[in-house]
Amino acid sequence: MRTSIATVSLSGSLTEKLTAASRAGFDGVEIFENDLLASPLTPEDIRSRCADLGLSIDLYQPMRDIEAVPPEEFTRNLRRARHKFELMSRLGADTVLVCSSVSPLAEDDDALAAAQLSQLAQLAQDFGIRVAYEALAWGRHVNTYDHAWRIVEAAGHPALGTCLDSFHILARGSDPKDLEGIADIPGEKIFFLQLADAPLMAMDVLQWSRHYRCFPGQGGLDVTGLLRHVIAAGYRGPLSLEVFNDVFRQAEAGPTAVDAHRSLLVLKEAAGLAALPAPVVPTGAAFVELVTADAEPASALLGALGFARTARHRSKPVDLWQQGEARVLVNTGPAARRHGTSLAAVGLESPDPAGAARRAESLLAPVLPRRRAPGDAPLDAVAAPDGTELFFVATDPVAADGEDELPDWRADFVDVPHQDATPHGVTRIDHLALTQPWHEFDEAVLFHRSVLGLHAQESVDVADPYGLHRSRAVSNADGSVRIALGVGPAPTDDGARAQHIALATDDVVATARAFRAVGGRLLSLPANYHDDLAARYAFADGELETYRELGILYDRDTHGEFRHCYTHTVGRVFFELVQRDGGYRGYGARNAPVRLAAQHAAR
Ligand SMILES: O=C(O)c1ccc(O)c(O)c1
Ligand SMILES: [Mg+2]
């Protein structure tokens, strides 16, 4: 099925919007009236621009407050409509959206609405135009899809059909049973389908629609289920995205259009309308890579944490630090000069690295060129929305019988003589916390879910002394890959750009003590925090005193317990030591406000 996007869903001038939609691979657009009014291009220019870009104009919208009004008012509406139909002829657009009236002049009279819409459709037909009537969820008298359809059916005009909009239908929180009526609408009378999701919120539906709509898969509405009903009805027109929110309006149109198109691809896959290469879910974090112009602070911190510098890349200035199954690469190559100390790449263990890359590519992830010296392992890598490089590396590169050996990233490293540092009990990487640019948060969550096949937890809000952080974790089924995607309060705030690496230990007290014994600095916490812990939980003798001394935080869920503490920050990066017991599933979100305040104080 063809894909389309409303120009209102992208930022910029009409030209910028059209270019972005075309580049991202959309087949068509809905031209939003305000975008046309604000454009210096004539309708003929817009028509030829779209043609040059390979875009059809699938819809012109919206026409408002047309139906169920007194006769003099309707005469004025028809005059207005004639102007618009002439304009549409110049544009080469053959379908117009009419949304249900919000006017105080509108009467609660379905027969009148049907008669007037029929008259409008007759005029449209003379121009070769079809009218698609949409129920706004806040329409004065018509605000449900079935009500709009009853009026269209009663009008019985061949140039009048309905437009279904997933937001208006699903935002009313209707019983899933109410949606079954969609399949009873003759497919050819559904003239258009608009798709949008939204996070679940209890608020006025108009504000919700205008400020919080997002692309399918980024919110909490069952857009897939709705699409199945519409397909069952026989609809075969475009799948068109119509999103309004405060974020994309300030973001660049190009990346938004790619994010939008990815959401449609995932939606089509979920609804059984398209087959993509299957997701290859990563099975572990093989390594993280830090880039830095000055390796000293990061190396000192890794050393204090009990890591040993075990190997060096054979052709690049990259050291491999290891402890247990936790591996950190420190790269002082050219990329470092651009970034300061930051987390630039993650090696994800994959049972099928090439398959993982094919999946990513099919979902429009930029595949990274294999910049490598002769003899280096040819690793598959893609860029996440925030630019983090994701390498898909073989869990078990040794060839099974009859198969080619997979490239082994470790083969690029040569062991270096190192003093056997005494390990401090770190066993592996527990999770990564990656702060996203504020306008890419929803995109990042959809990316990690769809491209990597990870499951997304609920979004949590975390108070910071100077703003609010939002965080949403994505993980695989057994928790061996966990990434907490976050967005900070202000792009200029250091904390809002922080990235952290949480290291697992079976005994956080021992690991923290060992770290401190060699001069490591742990984030210290206010006494009030531990006083509150004493009020909430009964600890063994001396336990809480130890936590006070070391700056260890504590949390509990229905599964188990969580103990954690934090190092100081190097560039954008700090480490967390975590001990999970009994299957604790969270990330200590309850403690995050205290941690954020302590980090502000430490700065
Ligand atoms: O918010 C609105 O007014 C509006 C306009 C046109 C639409 O198709 C829609 O879904 C909402
Ligand atoms: Mg709509």
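- By the naming in an unreviewed UniProt entry, the protein chain goes by 3-dehydroshikimate dehydratase and is assigned to Streptomyces bluensis.
- The heading Catalytic activity (unreviewed entry) in the UniProt record of the protein chain holds the text "3-dehydroshikimate = 3,4-dihydroxybenzoate + H2O".
- Entered under Cofactor (unreviewed entry) in the UniProt record, the comment concerning the protein chain runs "a divalent metal cation".

## Here we look at the site of ligand 1
Here is step 1 of the chain: Around ligand 1 there are 13 residues in total, and R64, D165, H168, R210 and E242 lie nearest to it.
Here is step 2 of the chain: The side chain of Q61 places a nitrogen or oxygen atom 3.1 Å from an oxygen atom of ligand 1.
Here is step 3 of the chain: Here an oxygen atom of ligand 1 sits 2.7 Å away from a polar atom, N or O, in the side chain of R64.
Here is step 4 of the chain: Contact with the protein chains removes 99% of the 290 Å² of surface that ligand 1 exposes when unbound.
Here is step 5 of the chain: When the residues that make up the shell around ligand 1 are grouped by side-chain class, the tally is 4 nonpolar, 3 polar and 6 charged.

## A short note on the UniProt feature "binding site: Mg(2+)" (unreviewed entry) in the protein chain
Here is step 1 of the chain: Sites flagged by UniProt as "binding site: Mg(2+)" (unreviewed entry) map to H431, H500 and E576. Spanning 146 residues, the annotated positions come together in the fold, the maximum distance between their C-alpha atoms being 9.3 Å. Residues from the named set that contribute to the lining of the second largest cavity are H431.
Here is step 2 of the chain: Along the polypeptide, H500 turns up in strand 21 (residues 499-505).
Here is step 3 of the chain: In this view, H500 contacts H431, L432, A433, Y566, F574, E576 and R595; residues no more than four positions away in its chain are not counted.
Here is step 4 of the chain: Note that E576 resides in strand 24 (residues 573-581).
Here is step 5 of the chain: Given the relative accessible area of 1%, E576 is considered buried.
Here is step 6 of the chain: Each residue touching E576, except ones within four places of it in the same chain, is listed here: H431, H500, I501, A502, L503, F562, H564, C565 and Y566.

## Focus: the coordination of the magnesium ion (ligand 2)
Here is step 1 of the chain: Every protein donor of the magnesium ion (ligand 2) is listed here as E134 (OE), D165 (OD), Q194 (OE1) and E242 (OE), and their distances to the metal cover 2.0 to 2.3 Å.
Here is step 2 of the chain: Of note is the magnesium ion (ligand 2), whose 6 donor atoms meet at the metal with angles of 76 to 175 degrees in an arrangement that counts as octahedral.
Here is step 3 of the chain: Donor residues binding the magnesium ion (ligand 2) come from one chain and are separated in sequence as E-x30-D-x28-Q-x47-E. One end of the pair, Q194, is in strand 7 (residues 190-195); the other, E242, is in the loop between strand 8 (239-241) and helix 10 (253-270), with 48 residues separating them in the sequence. Like Q194, the residue E242 is buried in the burial classification.

## Quick notes on the sheet that holds strand 10 (residues 308-313)
Strand pairing in a sheet is mediated by backbone hydrogen bonds. Such pairs are either parallel or antiparallel.
Here is step 1 of the chain: Ordered in space as 14-15-13-9-12-11-10-16, the 8 strands form an open sheet in which the pairing is mixed. Across the chains shown, the open sheet's two edge strands, defined by having one partner strand only, are strand 14 (380-383) and strand 16 (413-415). Each strand axis lies, on average, 30 degrees off the axis of its neighbour in the sheet, ignoring direction.
Here is step 2 of the chain: Sheet analysis places strand 13 (residues 342-350) next to strand 15 (residues 389-394), joined by 6 bridges and oriented parallel. Opposite E349, over in strand 15, you have V393 as the bridge partner.
Here is step 3 of the chain: Here helix 13 (residues 353-362) sits on the sheet and contacts strand 13, strand 14 and strand 15; the angle it forms with strand 15, its principal contact strand, is near 150 degrees.
Here is step 4 of the chain: Where helix 14 (residues 441-452) meets the sheet, it contacts strand 13, strand 14 and strand 15, and its direction lies at approximately 20 degrees from that of strand 15.

## Some points on a negative patch on the surface
Here is step 1 of the chain: A contiguous patch of negative charge on the surface is contributed by D175, D178, E180 and D184.
Here is step 2 of the chain: Looking at the element boundaries, E180 is found in the loop between helix 7 (166-170) and strand 7.
Here is step 3 of the chain: E180 sits in the partly exposed class, given a relative accessible area of 43%.

## Digging into the domain arrangement of the protein chain
Here is step 1 of the chain: Looking at the protein chain, the domain boundaries give domain 1 (3-270), domain 2 (284-415) and domain 3 (426-602).
Here is step 2 of the chain: Across the contact, 7 residues belong to domain 1 and 5 residues belong to domain 2.
Here is step 3 of the chain: Summing both partners gives a buried area of about 480 Å² for domain 1 against domain 2, and 59% of it is carried by carbon and sulfur.
Here is step 4 of the chain: Area buried by domain 1 at its contact with domain 2 is led by R262, L265 and E269, which between them contribute 72% of it.
Here is step 5 of the chain: Between domain 1 and domain 2 we count 1 salt bridge in total.
Here is step 6 of the chain: Its salt-bridge partner being E269, residue R359 comes within 2.7 Å of it at the nearest N-O pair.
Here is step 7 of the chain: Linking domain 1 with domain 2 are 3 residue pairs in polar contact (both at pLDDT 80 or more), by the criterion used here.
Here is step 8 of the chain: Taken together, the residues of the side of domain 1 that touches domain 2 sort by class into 4 nonpolar, 1 polar and 2 charged.

Scoring rules and cut-offs
Residues numbered from 1 in each chain as written. Chains lettered and ligands numbered in written order. Predicted model: local features only at pLDDT ≥ 70, side-chain atom pairs only at ≥ 80, totals over all residues. Heavy atoms only, no water. UniProt positions renumbered as here; feature names shortened; annotations may be inferred. Near = heavy atom within 4 Å. Polar contact = N/O pair within 3.5 Å; in protein donor to acceptor, adjacent residues only side chain to side chain. Areas by Shrake-Rupley, 256 points an atom, 1.4 Å probe, with all protein chains shown as cover. Nonpolar A, V, L, I, M, F, W, Y, C, P; charged D, E, K, R; others polar. 1 Å grid on protein atoms, 1.4 Å probe; cavity = no way out; pocket = protein on both sides within 12 Å on 5 of 7 lines; lining within 4 Å. Helix = DSSP H or I, 4+ residues; strand = E, 2+ residues; numbered from the N terminus. Contact = heavy atoms within 4.5 Å. Buried < 20%, exposed > 50% of the residue type's maximum accessible area, 1.4 Å probe, protein only. Donors = N, O, S within 2.8 Å, 3.2 Å for Na, K, Ca; no water. Tetrahedral: all angles 85-135°; square planar, octahedral: opposite > 155°, others 65-115°. Pairing = 2+ DSSP bridges. Axes fitted to C-alpha atoms, helices over the stretch in contact; angles between N-to-C directions. Patch = residues over 30% accessible without salt bridge, like charges linked within 9 Å, V, L, I, M, F, W, Y side chains within 5 Å. Salt bridge = Lys/Arg side-chain N within 4 Å of Asp/Glu carboxyl O. Lys, Arg positive; Asp, Glu negative; His and termini not counted. Charge placed at Lys NZ, Arg CZ, Asp CG, Glu CD. Domains from an automatic or database assignment. Buried area = accessible area lost by both parts, 1.4 Å probe.

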